[in-house]
Amino acid sequence: MFAYNLDHVALAVHDLDAAIDDYRRLFGGEPLHREVIEEQGVEEAMIAVGGSFVQLLRPLSEDTPVGRFLATRGEGLHHIALAVADIEGALEHLVRQGARLVDREPRIGGRGARIAFVHPRAFAGTLVELVESHS
Ligand code: CO
């Protein structure tokens, strides 16, 4: 089996600055990284929480996956991200287990990491992102 670590929990938000302010006021902590990812149609901010991160996602427009998510489900949990050393191997394993994938091949996400999404139908109705760890 593969060793997975919780990399981040991602929340969809309407207003990234307001969400960062709320987090800072309530829990303390500053975003370590902020980036627009045009390909995914989001601006993201990563806030370190212990050894993991909270990722805040703001859609760049309504006509993006996160924009449509916000329109139908409102703000809140969008996905969880699991770090794994061998992302191709993990995807192969998931396919063999019958999991439906969003991405059959890894692509480049925030911070230049190789990522792939697993369909929410595979696990508890929750979108799961695999992130290849650099260790
Ligand atoms: Co993510």
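The structure we're discussing is the one just above.
The following paragraphs examine the structure supplied in this document.

**Observations concerning helix H2 (residues 65-73)**
Inference 1: Of the residues making up H2, those classed as buried are Val 66, Gly 67, Phe 69 and Leu 70. Down the axis, H2 shows its buried residues gathered within 160 degrees of arc, on one side only. For H2, exposure combined with an orientation more than 90 degrees from the buried face picks out Pro 65, Ala 71 and Thr 72.
Inference 2: Taken from the residues just after H2, Gly 74 is the one with a positive phi, measuring 80 degrees.

**Quick notes on unusual backbone geometry**
Inference 1: A positive phi is found at Arg 111, a non-glycine position, where the angle reads about 60 degrees.
Inference 2: Along the chain, Arg 111 turns up in the loop between strand E6 (107-108) and strand E7 (114-118).
Inference 3: You will see that Ala 124, though not glycine, has its phi angle at about 55 degrees, which is positive.
Inference 4: Examined against the element boundaries, Ala 124 turns out to sit in the loop between E7 and strand E8 (127-132).
Inference 5: Residue class for Ala 124 comes out exposed when judged on its relative accessible area of 67%.

**Description of the coordination of the cobalt ion**
Under perfect tetrahedral coordination by four donors, a metal shows angles of 109.5 degrees; under perfect octahedral coordination by six donors, it shows angles of 90 or 180 degrees.
Inference 1: Taken together, His 8 (NE2), Gln 55 (OE1), His 79 (NE2) and Glu 129 (OE) make up the full set of protein donors to the cobalt ion, lying 2.0 to 2.3 Å away.
Inference 2: Its four donor atoms give the cobalt ion angles of 84 to 172 degrees at the centre, a pattern that matches the irregular case.
Inference 3: The sequence pattern describing where the donors of the cobalt ion fall on their chain is H-x46-Q-x23-H-x49-E. Highlighted residues: His 8 in strand E1 (residues 5-12) and Gln 55 in strand E4 (residues 52-59), separated in sequence by 47 residues. As far as burial versus exposure is concerned, His 8 and Gln 55 are alike and both buried.

Rules used throughout
- Residues numbered from 1 in each chain as written.
- Predicted model: local features only at pLDDT ≥ 70, side-chain atom pairs only at ≥ 80, totals over all residues.
- Heavy atoms only, no water.
- Buried < 20%, exposed > 50% of the residue type's maximum accessible area, 1.4 Å probe, protein only.
- Helix = DSSP H or I, 4+ residues; strand = E, 2+ residues; numbered from the N terminus.
- Arc of directions from axis to C-beta.
- Donors = N, O, S within 2.8 Å, 3.2 Å for Na, K, Ca; no water.
- Tetrahedral: all angles 85-135°; square planar, octahedral: opposite > 155°, others 65-115°.

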